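# Structural overview
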Amino acid sequence: MSFVLAAEQLQFAEALHDQLAAADVPAVARQWAAGDRKRGQALWYSLAEAGVAALAVPQRWDGLGAHPADLVIACEELGHHAMPGPIAESLAAVPTLLAVLAGTDEPAADERIAGWLRQLAAGDLIATIAWPPLLPYAADAQLAGLVLVAGPDWVKLAEPGPGLRSVQAGRSLSIVTGKELLAHGAAAAIQQAFEFGVLAGAAQLLGAGRALLDCATAHAVQRTQFGSPIGSFQAVKHQLANVLIALEFGRPLLLAAAVALADDPAGAARDVSAAKVACTDAARLAARVALQVHGAIGYTAEHDLSLWLTLVRAVGPAWGSQRWHRARVLAALAGGS
Amino acid sequence: MDLAEDDQVAAFRAEVRQWLAAHAPATPLPSVDTAEGFGLHRAWEAELAAARLSVVSWPEQYGGRGASLLDWLVFEEEYHAARGPVRVGQNGLFVLAPTLFAHGTPEQRSRILPKMATGEEVWAQAWSEPEVGSDLAAIRSRAARADGGWLLSGQKTWSSRAVWADRGFGLFRTATGDRRHDGLTYFLFSLRSPGVTVRPIAQLDGEAGFAEIFLDEVFVPDADVLGAPGDGWRIAMSSAGHERGLTLRSPGRFSAAAARLVELWQRAGDPADSALADRVADAWIGARAYQLRALETASQPGAGGFHGTGTPAPAPGRARLADSAAAGSGSGRTSLDRGVVGRGAAGGRPAADSSLGKVFWSELDLALHDTALELLGADAELAEGPDAGWLAGYLFALAGPIYAGTNEIQRTVIAERLLGMPR
Ligand SMILES: Cc1cc2nc3c(=O)[nH]c(=O)nc-3n(C[C@H](O)[C@H](O)[C@H](O)COP(=O)(O)OP(=O)(O)OC[C@H]3O[C@@H](n4cnc5c(N)ncnc54)[C@H](O)[C@@H]3O)c2cc1C
């Protein structure tokens, strides 16, 4: 047993952090929200150069075939920096789905699928997916080069309806209509894709929670009232402590879910859902506390805090509600796992 | 990165499981807080010790197996799953022993530890006083110099299991100085010495779970000073993390309770009551999180031997915790930290880190038992009968946020030492 990230993984996380910090993602996200996606797409491409888009793509299709923990690291950092775009969809769920559909034969049964995988890995393609009723909307379908819809056991190419605005500026949600059938008898592949999407979403939320705590602690040191930094007040301290506790005990669940997915994707439901529940709750607590600690300045659209506050509100309910995931944990436990 | 148990650990788990299946009492022993129960729990410690299972993490020379933190976690999982009896010697085993390993003399270790390991000597903690709770440095009980030792006088209180315990340990003032923390000395003393009076105090469940200890010029030889005179505060604080953290309340305890809660829910839960189902799921998730975080700690380099040979090495990322907040942020712009939340976790600042665990387990314990009582409906009130263990567990859990440093104190520690908030 070794339940700890390896040195290379820590380096990967730090390198990503540094890359994203240098890219000034909040500014990128604001331009993205205003409809100017040039910098965002350039950043997506340079993240792909760093390997981020290739993690869930098998080596056979020019990907990295990485351990799911690496995907967790990447998605957490993307959430930490409020990176816009269909992250869980394009980096986790769709490549996982296509990789299973492409199979292990060479050449692939469907050359198109192999091509998409190669493009995804290179950052040349952004993809999104809907799986009603659990995942009723395809996120950011307007900017995706590949839009899919899955049913109980089939996958189709899809045409997105008009994008509905999300609480997170710049993010859109579309009802999609299935067109050409891509695969049938694909229930296991769809399930696996869903698990990876949930994992990625949970990681994004944990990262966003960390950012919210970063912002709140920084503000609490710098903002003075009654002649003292507000961080010296116990009511503030204790709320921040609660956030740290929630985040600290969320991450091990996330990494255990990654380990479970690496071992046996079909048996990982319990751990994936546990991680999603804990990370969503932690991120929501972080959002609530960070806003309170900032006071009115945090309630403005101008302050960067709003990027994470709305991200948590947006990604939180995607990929299954808290109640759905809790019920799935219990069902798995009752089933004896 | 994996969670698979290797052969050595699996073999150890099997040995513990088998031994407990053959030896653990089939029905619960009488309460440890009664004369009869205390004796039976002491005898149980001797039985555990005979199988070298009472202190697996200690070095072999003192009755242990030099087990790693991981092995110890496994032992605890099995112990709680088998509903092993309360460890009557827990304060000695989990608080005094780590302190002796860190600060005791070889003579003290070889004199004290073997008897502690067999339950021959049960130790009680004597920190709190009538006027001294959270503000421990305000201790008033004193020790005066005497020929070849010290004379202890004063009053200690809330001392768990002191009614039937043999010996006590705690801080006494040996000098008055400008700084309150100076002049405190760590003493080990007999509860049977002339001058000691122990007065039982009934707890919420009516049993004498703790006691007041009155000391009137109780002689303690120099050999029973732990560390240097005047250095008691530093010594006590260095092992405070043990009392709060993993060793005091191991993950196995909550994993076992959560598993039983899920069983109870399957048996007694109303499937339509999704609010209660949510709470059951959350209790299980919390127990799992606590367990996994311990496994992270056990995976740190240096986590091998933990009672005898040092604490896990600092994890990367942790060291920057307090500095990050100081970086500050201008209005509207943010400064994100590279790794505020420990990347793969505990270590670095064991004492402050254990504060995270203390708040987490104590609230989890309460939530878990509260949920069980909710599931039991009207039967939750019953202090006897097949499900009364949940009520007892709940009453026990109620004290968790108070002892071992209240949760308010822990949250302050977390904010100041881990998040860099100003004092
Ligand atoms: C079951 C049980 C067993 C115990 N066993 C032992 C034992 O074996 N040996 C022993 O020595 N002691 C023992 N204790 C005592 C325990 O250590 C104390 O209860 C604890 O230190 C708190 O002290 P207090 O009860 O005096 O509360 P106080 O310190 O008076 O605190 C009362 C309330 O005020 C809050 N408070 C106090 N100071 C602050 C602050 N600075 N900021 C914010 N809030 C604050 C506390 O959090 C608490 O909510 C035991 C207690 C219990 C309940």
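Residues numbered from 1 in each chain as written. Chains lettered and ligands numbered in written order. Predicted model: local features only at pLDDT ≥ 70, side-chain atom pairs only at ≥ 80, totals over all residues. Heavy atoms only, no water.

## Re the site of the ligand
- Residues in close proximity to the ligand total 19 residues, the closest being S134, W158, S160, T406 and E408 of chain B.
- Around the ligand, the nearby residues trace back to chains A and B.
- Within the side chain of S134 of chain B, a nitrogen or oxygen atom sits 2.6 Å from an oxygen atom of the ligand.
- At a separation of 2.7 Å, an oxygen atom of the ligand approaches a polar side-chain atom of T406 of chain B.
- Surface burial for the ligand is 64%, taken as the share of its 970 Å² of free accessible area covered by protein chains.
- At the level of secondary structure, the elements contributing two or more residues to the shell around the ligand comprise β3 (149-160) and α13 (407-418) of chain B.
- No other element matches the four residues that β3 of chain B contributes to the shell around the ligand.
- Here the residues of the shell around the ligand sort into eight nonpolar, 10 polar and one charged.
- If you count residues domain by domain, the shell around the ligand takes at least three from each of domain 2 (124-236) and domain 3 (243-418) of chain B. (Near = heavy atom within 4 Å. Polar contact = N/O pair within 3.5 Å; in protein donor to acceptor, adjacent residues only side chain to side chain. Areas by Shrake-Rupley, 256 points an atom, 1.4 Å probe, with all protein chains shown as cover. Helix = DSSP H or I, 4+ residues; strand = E, 2+ residues; numbered from the N terminus. Nonpolar A, V, L, I, M, F, W, Y, C, P; charged D, E, K, R; others polar. Domains from an automatic or database assignment.)

## Quick look at the sheet that holds strand β6 (residues 172-174) of chain A
Residue and element names in this part refer to chain A.
- Strand order in the open sheet made by the three strands is β2-β6-β5, with antiparallel pairing throughout. Taken across any chain shown, the strands that pair with only one partner, and hence form the sheet edges, are β2 (138-139) and β5 (164-165).
- Strand direction decides the pairing type here: β2 and β6, joined by two bridges, are antiparallel. If you follow A138 over to β6, its bridge partner there is S174. (Pairing = 2+ DSSP bridges.)

## Regarding the sheet that holds strand β4 (residues 155-160) of chain A
Residues and elements named next belong to chain A.
- Strand order in the open sheet formed by four strands is β1-β3-β4-β7, and the pairing between neighbours is mixed. Either end of the sheet is taken by a strand with one partner, and the two such strands are β1 (127-130) and β7 (176-183). With strand direction ignored, the average angle separating the axes of adjacent strands in the sheet is 35°.
- Bridge count between β1 and strand β3 (residues 146-150): four bridges; the pairing is parallel. (Axes fitted to C-alpha atoms, helices over the stretch in contact; angles between N-to-C directions.)

## Examining the packing of helix α1 (residues 7-23) of chain B against helix α3 (residues 69-81) of chain B
Residue and element names in this part refer to chain B.
- Look at α1 against α3: their axes get within 9 Å of each other, and the N-to-C directions meet at 30°. Judged by the inter-axis angle, α1 sits roughly parallel to α3. Read as a crossing pair, α1 and α3 show a hand that is right-handed. Across the interface between the two elements, Q8, V9, F12, R13, V16, R17 and L20 of α1 pack against L70, D71, V74, F75, E77, E78 and Y79 of α3.
- Tallied by class, the residues present in the contact of α1 with α3 amount to eight nonpolar, one polar and five charged. (Parallel < 35°, antiparallel > 145°, perpendicular 65-115°, else oblique. Left-handed = near helix turned anticlockwise from the far one by under 90°. Contact = heavy atoms within 4.5 Å.)

## Considering the domain arrangement of chain B
All names here are of chain B.
- Domains assigned within chain B are domain 1 (7-88), domain 2 (124-236) and domain 3 (243-418).
- Contact residues are listed per partner, giving four residues for domain 2 and five residues for domain 3.
- Taken over both partners, the interface formed by domain 2 and domain 3 buries close to 310 Å², and the fraction arising from carbon and sulfur atoms is 67%.
- When the buried area of domain 2 at its contact with domain 3 is split by residue, Q125, S134 and L204 rank highest and sum to 82% of it.
- Where domain 2 packs against domain 3, one counts zero salt bridges.
- The tally of links between domain 2 and domain 3 comes to zero residue pairs in polar contact (both at pLDDT 80 or more).
- Looking at side-chain class alone, the side of domain 2 that touches domain 3 contains one nonpolar, two polar and one charged residues. (Buried area = accessible area lost by both parts, 1.4 Å probe. Salt bridge = Lys/Arg side-chain N within 4 Å of Asp/Glu carboxyl O.)

## Looking at unusual backbone geometry
- With an omega dihedral of 5°, the bond running from P132 of chain A to P133 of chain A counts as a cis peptide bond.
- Counting through the fold element by element, P133 of chain A comes out in the loop between β1 and β2.
- Despite not being glycine, D62 of chain A shows a phi value in the positive range, around 70°.
- The topology assignment puts D62 of chain A in the loop between α3 (38-49) and α4 (68-80).
- With phi around 60°, A404 of chain B is a residue other than glycine that occupies positive phi space.
- Mapped onto the elements of the fold, A404 of chain B is located in the loop between α12 (388-398) and α13.
- Taking relative accessible area as the criterion, A404 of chain B reaches 9% and is therefore assigned buried. (Buried < 20%, exposed > 50% of the residue type's maximum accessible area, 1.4 Å probe, protein only.)

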